[in-house]
Amino acid sequence: MLRSTLSLVLTFLFSLSAMAAVTGNGALQKVAKKYRTTKLVEMNVEKTVKSELLGKETKYDGKIYLANGKFRWENTKPEETLLVFDGKTIWSVQVPPKEFGGPVQVAKGIVDKKTKSHILISSLLGEDLNKNFKILKEEKDGELVNIEVQPLNDGLTVKSLKLTVKSKDNILQTISYLDDIGNLTTMKFSDVKFLKKENKKLFKYQPPKDAQVTEL
């Protein structure tokens, strides 16, 4: 569970890292720099997961906050979930439907140096991403730039990664990736806000007293 949670939470982060690794393209570098240097980025996200194994598609609606390597992802539909990464610890929270009741389910995991290398948040740690990513394709379509990236680390659950950025506004529009069991996940971002002040409370989490907490 921790392995999949880490990949989900940090996909957005290493996607920005991948853009920063592209040489000779000022537009992509500007996008990466804009997100990584802004005090607080807030955006709506629509996530779609197509399961090859189950033959079904599931959609999720939520909101993402990003600040200086920290991360918060709130999902509201079809279920209430929360992912919080404070730079060291990841919290994965599932709230049971009101009609069923029961305690909140919480999983807690510590990100160590080995885990960080596996999930490739290298640019946030000052590492050389050109050793971890291979840019397979880069195409410009009007104001959009589409790039296809292949992770070079066998320990990463993400096997292929595609990004679409809007070069005019330096905004990341979509991320699409295929995992190691054939699931295709697409994230579409909207109403992106670049704020000048960080809200540190967003990246802190304390489980409810009656929550069931699992250490991972």
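Please read these numbers as outputs of a predicted model, since none were measured by experiment.

> Teacher, can you tell me more about the overall build of the protein chain here?
In terms of helices and strands, the protein chain carries 4 helices and 12 strands. Within the protein chain, the fraction of its 216 residues that count as buried is 46%. Contacts in the protein chain between residues at least 24 apart in sequence constitute 49% of all its contacts with a sequence separation of at least 6. Summed over its atoms, the accessible surface of the protein chain is roughly 11,800 Å², and 48% of this surface lies on carbon and sulfur atoms.

> What am I meant to see in the pattern of salt bridges here?
Per the counting criterion, the structure on display carries 5 salt bridges. With its nearest N and O atoms 3.5 Å apart, the salt bridge here joins K63 to E42. Residue K63 is found in strand β2 (residues 56-67), and its partner E42 is found in strand β1 (residues 40-51); the two are separated by 21 residues along the sequence. Assessed through its relative accessible area of 15%, E42 is described here as buried. Salt-bridge contacts for K50 lead to E57; the nearest nitrogen and oxygen are separated by 3.9 Å. A relative accessible area of 43% means that K50 is categorised as partly exposed.

> Teacher, can you tell me more about the environment of T164 here?
Residue position: T164 is located in strand β9 (residues 158-166). Each C-alpha atom, one on T164 and one on L144, is 6.5 Å from the other, the two residues being 20 residues apart in sequence. Among all residues touching T164, those that are not within four sequence positions of it are L144, V145, N146, L172, Q173 and T174.

> Would you mind going over the nonpolar core with me for this structure?
Nonpolar side chains tend to gather and get buried jointly when the protein is soluble and globular. Ranked by size, the top nonpolar core spans 26 residues in total, and within it Y35, I175 and F189 carry the most contacts. A per-element tally of this core places β9 first, with 4 residues. Counting 8 residues, the second largest nonpolar core, distinct from the first, contains V84, V93, V106 and Y205.

> Could you clarify how one ought to interpret the packing of aromatic side chains in this entry?
Each aromatic ring pair is characterised by the separation of its centres together with the angle its planes make. Evaluated as defined, the whole model comprises 3 aromatic pairs. Note on Y35 and F194: the rings are 5.2 Å apart at their centroids and 80 degrees apart in plane angle, and the pair reads as edge-to-face. Of the two residues, Y35 is situated in helix α2 (residues 26-37) and F194 in strand β11 (residues 184-195); the sequence distance between them amounts to 159 residues. Measuring from ring centre to ring centre gives 5.3 Å for W91 and Y205, while their planes differ by 55 degrees; the resulting arrangement is tilted. Separated by 114 residues along the polypeptide, W91 in strand β5 (residues 89-94) and Y205 in the loop between β11 and β12 (212-215) bring together distant segments of the chain. Among the residues examined, Y205 registers a relative accessible area of 18% and is labelled buried. A cation over an aromatic ring shows up here: K47 above the ring of Y60, its NZ or CZ 4.4 Å from the ring centre.

> What is the right way to look at the confidence of the model for the protein chain in this model?
Detailed reading of the predicted coordinates is not advisable wherever pLDDT is low. The share of residues in the protein chain with pLDDT of 70 or more is 75%, and the mean pLDDT across the chain is 77. The lowest-confidence element of the protein chain is helix α4 (residues 122-125), averaging 31 in pLDDT; the highest-confidence one is β11, averaging 93.

> Is there a simple way to explain unusual backbone geometry in this structure?
Backbone geometry follows two general trends: most residues other than glycine have a negative phi, and most peptide bonds adopt the trans configuration. The linkage connecting K77 with the following residue, P78, adopts the cis geometry, with an omega of 0 degrees. Secondary-structure assignment places P78 in the loop between β3 (70-77) and β4 (81-85). For N170, which is not glycine, the phi dihedral falls at a positive 55 degrees. Along the chain, the position of N170 falls in the loop between β9 and β10 (171-179). Overall, the relative accessible area of 17% leaves N170 in the buried class. A positive phi is found at D191, a non-glycine position, where the angle reads about 50 degrees. Among the structural elements, D191 can be located in strand β11. Residue D191 is classed as partly exposed on the basis of its relative accessible area of 45%.

> I keep staring at the pairing of strand β6 (residues 105-110) and nothing clicks. Help me out?
Moving residue by residue along a regular strand, the side chains alternate between the two faces of the sheet. Bridge analysis of β5 against β6 gives 6 bridges, and the strand direction is antiparallel. For T89, the partnering residue across the bridge sits in β6 and is I110. Pairing of β6 with β12 involves 4 bridges; the strand directions are parallel. Of the residues in β12, the one forming a bridge with Q105 is Q212.

About the cut-offs
Residues numbered from 1 in each chain as written. Predicted model: local features only at pLDDT ≥ 70, side-chain atom pairs only at ≥ 80, totals over all residues. Heavy atoms only, no water. Helix = DSSP H or I, 4+ residues; strand = E, 2+ residues; numbered from the N terminus. Buried < 20%, exposed > 50% of the residue type's maximum accessible area, 1.4 Å probe, protein only. Contact = heavy atoms within 4.5 Å. Areas by Shrake-Rupley, 256 points an atom, 1.4 Å probe, with all protein chains shown as cover. Salt bridge = Lys/Arg side-chain N within 4 Å of Asp/Glu carboxyl O. Core = buried A, V, L, I, M, F, W, Y, C linked by side-chain atoms within 4.5 Å. Phe/Tyr/Trp six-rings, centres within 6.5 Å; stacked < 30°, edge-to-face > 60°. Lys NZ or Arg CZ within 6 Å of the ring centre and 35° of its normal. pLDDT = per-residue confidence, 0-100. Pairing = 2+ DSSP bridges.

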